[in-house]
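# Inside the fold
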Amino acid sequence: MRMIALLSFVLASLTAAAQTSVPAKAPRVPRQAVAQTPPMGWNSWNYFAERVSDKDIRDAADQLVSTGMKDAGYIYVNIDDAWQGQRDANGVLHPNTKFPDMKALADYVHSKGLKIGIYSGPGPQTCARYEGSLDHEAQDAQLYAQWGIDYLKYDLCSFGREVMQKQAPNDKAAQMRLMAAAYAKMDKALKATGRPIVYSLCQYGWDAVWEWAPSVGGNLWRTTGDITPNWDRIYAIASQQAGLERYAGPGHWNDPDMLEVGNGKLTLAENRSHFSLWAMLAAPLLAGNDLPNMKPEIKAILTNRDIIAIDQDKLGKQGSRVYSEGEVDVWERHLAGGAVAIAVINAGDSRYSTHPIHLNLAKLGLHGPQTGKDLWTGKTIKLRDGQPLELASHDVLLVRINALK
Ligand code: GLA
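The model shown is predicted, which means the values in this text are computed figures rather than measured ones. (Residues numbered from 1 in each chain as written. Predicted model: local features only at pLDDT ≥ 70, side-chain atom pairs only at ≥ 80, totals over all residues. Heavy atoms only, no water.)

Okay, the overall build of the protein next. Tallying secondary structure elements over the protein gives 13 helices and 18 strands in all. Here the protein has a C-alpha radius of gyration of 23 Å; the compact-globule value for 405 residues is 22 Å, and the two agree. C-alpha extents for the protein along the principal axes are approximately 85 × 50 × 40 Å. In the protein, 69% of the contacts between residues at least 6 apart in sequence involve partners at least 24 apart. Approximately 17,200 Å² of the protein is accessible, and the part contributed by carbon and sulfur atoms is 55%. (Helix = DSSP H or I, 4+ residues; strand = E, 2+ residues; numbered from the N terminus. Rg over C-alpha atoms; globule rule 2.2 N^0.38 Å. Contact = heavy atoms within 4.5 Å. Areas by Shrake-Rupley, 256 points an atom, 1.4 Å probe, with all protein chains shown as cover.)

What follows is the structure, given as structure tokens:
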């Protein structure tokens, strides 16, 4: 019995040593090469939260393929919080029992032509109180690279309480510098692996993160607190993105949080509006729903190729909210080749055909009537100045105009 224990200790140490060693001559790939368009994929948190397991991740990968989502561009399968177990005597972090073999899981996801993401944070603990990366940044980054990880979401959480507040009590500016330094530290650790890993900052938009995230290697950064599958929250988050458009571009994106399409009690109109807004915002499209039980109408929303093309437009120019009238917002996004997308959102509950919405083309910089495609019906649509539009509560009109007149 003792002998077996000793043997397994030696084996574990050997594996740990193998896991932490840097591959000789690791190719140096500049991270700007990743996320040239907003990352697309699926993340476990919004549906599974802490229940997520190896099987859920494999199922999600299978489903991305079988539903056609992979072909539509959803490539990253991201494990969020709650995969972590304990560190061993060498400080090597092991997954918990729900994830028996992370390397095998990454290989499985890769075998489907997909990429895999993982989650940690700069504090001692993550938001759900699992092991964080504090003082183990380089070791964890090497471990992710060994496993074949392609994407890291790095979530502030306990770093605020345990490091920022303790090291710099009553000095907010110093606390913010500690936060930025922690993100820069993990960036350096990721770069040192030589593996192209998308770096996703999650610190809820603190200290105008959009102004400094690219300088610490961020490919995307959360701009707000957490999303919930609720129209008011989704609309509030979308509204907070107005004005941030100049910070986004290829390789560095504002992240209004993962999609709730298909979750909770969102109506179809709300799901459509949520997806349309995220596309106008050049937001990462990380589905967060229960893929094995996805309804056809939800799949139709998530795989609408015309709308994905708006999100993924090569120019990488995030849309702006051009004007609002009461509870109606009009967003515009300039696309490659001189095309534009226009989204009209009726965020209110009580707008009827007795008082329809009137579109103001001049405010959108459009001169005279235009012909475009209504991306939710697939039909040709003509837009005239002052044209009355009827939109159901929380619904959207999303039009692409390729040839401006
Ligand atoms: C924070 C993040 C969420 C999710 C959870 C996991 O709340 O903002 O997106 O990652 O932590 O614990």
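Having seen the structure, we can now continue with the description.
A word on the side chain of Asn 219. Topologically, Asn 219 is positioned in the loop between α9 (209-212) and β8 (220-222). A polar atom in the side chain of Asn 219 sits 2.8 Å from the backbone nitrogen of Tyr 199. In this structure the side chain of Asn 219 is engaged in a polar contact, spanning 3.1 Å, whose partner is the backbone oxygen of Gly 251. (Polar contact = N/O pair within 3.5 Å; in protein donor to acceptor, adjacent residues only side chain to side chain.)

Attention now moves to the packing of helix α3 (residues 54-66) against helix α5 (residues 102-111). It is the contact of α3 with α5, at a shortest axis distance of 10 Å, that shows an interaxial angle of 10 degrees. Regarding the angle of α3 to α5, the classification is roughly parallel. From α3, Asp 54, Ile 57, Arg 58, Ala 61 and Asp 62 reach across to α5, where they touch Ala 104, Leu 105, Tyr 108 and Val 109. Here the contact of α3 with α5 is composed, by residue class, of six nonpolar, no polar and three charged. (Axes fitted to C-alpha atoms, helices over the stretch in contact; angles between N-to-C directions. Parallel < 35°, antiparallel > 145°, perpendicular 65-115°, else oblique. Nonpolar A, V, L, I, M, F, W, Y, C, P; charged D, E, K, R; others polar.)

The next subject is the site of the ligand. The ligand sits among 13 residues. The nearest are Asp 80, Asp 81, Lys 153, Asp 155 and Asp 226. Within the side chain of Asp 81, an N or O atom sits 2.8 Å from an oxygen atom of the ligand. Take Lys 153: an N or O atom from its side chain is 2.8 Å from an oxygen atom of the ligand. Considering the ligand on its own, with 310 Å² of exposed area, one finds that the protein chains cover 92% of that surface. Residues belonging to the shell around the ligand are distributed by class as follows: seven nonpolar, no polar and six charged. (Near = heavy atom within 4 Å.)

Looking now at the sheet that holds strand β6 (residues 151-155). Across the sheet, which stays open at both edges, the eight strands sit in the order β9-β8-β7-β6-β5-β2-β1-β10 with parallel pairing between neighbours. In this open sheet, the two edge strands, each paired with only one partner strand, are β9 (253-255) and β10 (285-287). Taken pair by pair, the neighbouring strands of this sheet meet at an average axis angle of 25 degrees, ignoring direction. Pairing of β8 with β9 involves three bridges; the strand directions are parallel. When the bridges of β9 are listed, Trp 221 appears paired with Asn 254. (Pairing = 2+ DSSP bridges.)

This paragraph deals with the pairing of strand β7 (residues 198-202). The element β7 is extensively covered by neighbouring structure, given that five of its five residues are classed as buried. Of the two faces of β7, both are covered, the one formed by Val 198, Ser 200 and Cys 202 as well as the one formed by Tyr 199 and Leu 201. In this structure, β6 lies alongside β7, joined through five bridges in parallel fashion. In the sheet register, Tyr 151 faces β7, and the bridge partner there is Val 198. As defined by bridge partners, β7 adjoins β8 across two bridges and the pair is classed as parallel. Opposite Leu 201, over in β8, you have Trp 221 as the bridge partner. (Buried < 20%, exposed > 50% of the residue type's maximum accessible area, 1.4 Å probe, protein only.)

All told, the structure shown has one disulfide when counted by the stated rule. Linked covalently through their sulfurs, Cys 127 and Cys 157 form a disulfide whose S-S length is 1.7 Å. On the sign convention where negative means left-handed, the S-S torsion of about 105 degrees between Cys 127 and Cys 157 marks this disulfide as right-handed. Of this pair, Cys 127 sits in the loop between β5 (115-120) and α6 (137-147) while Cys 157 sits in the loop between β6 and α7 (158-167), and the two are 30 residues apart along the sequence. For Cys 127, a relative accessible area of 36% gives the class partly exposed. Looking at Cys 157, the relative accessible area reads 25%, which means it is partly exposed. (Disulfide = S-S within 2.5 Å.)

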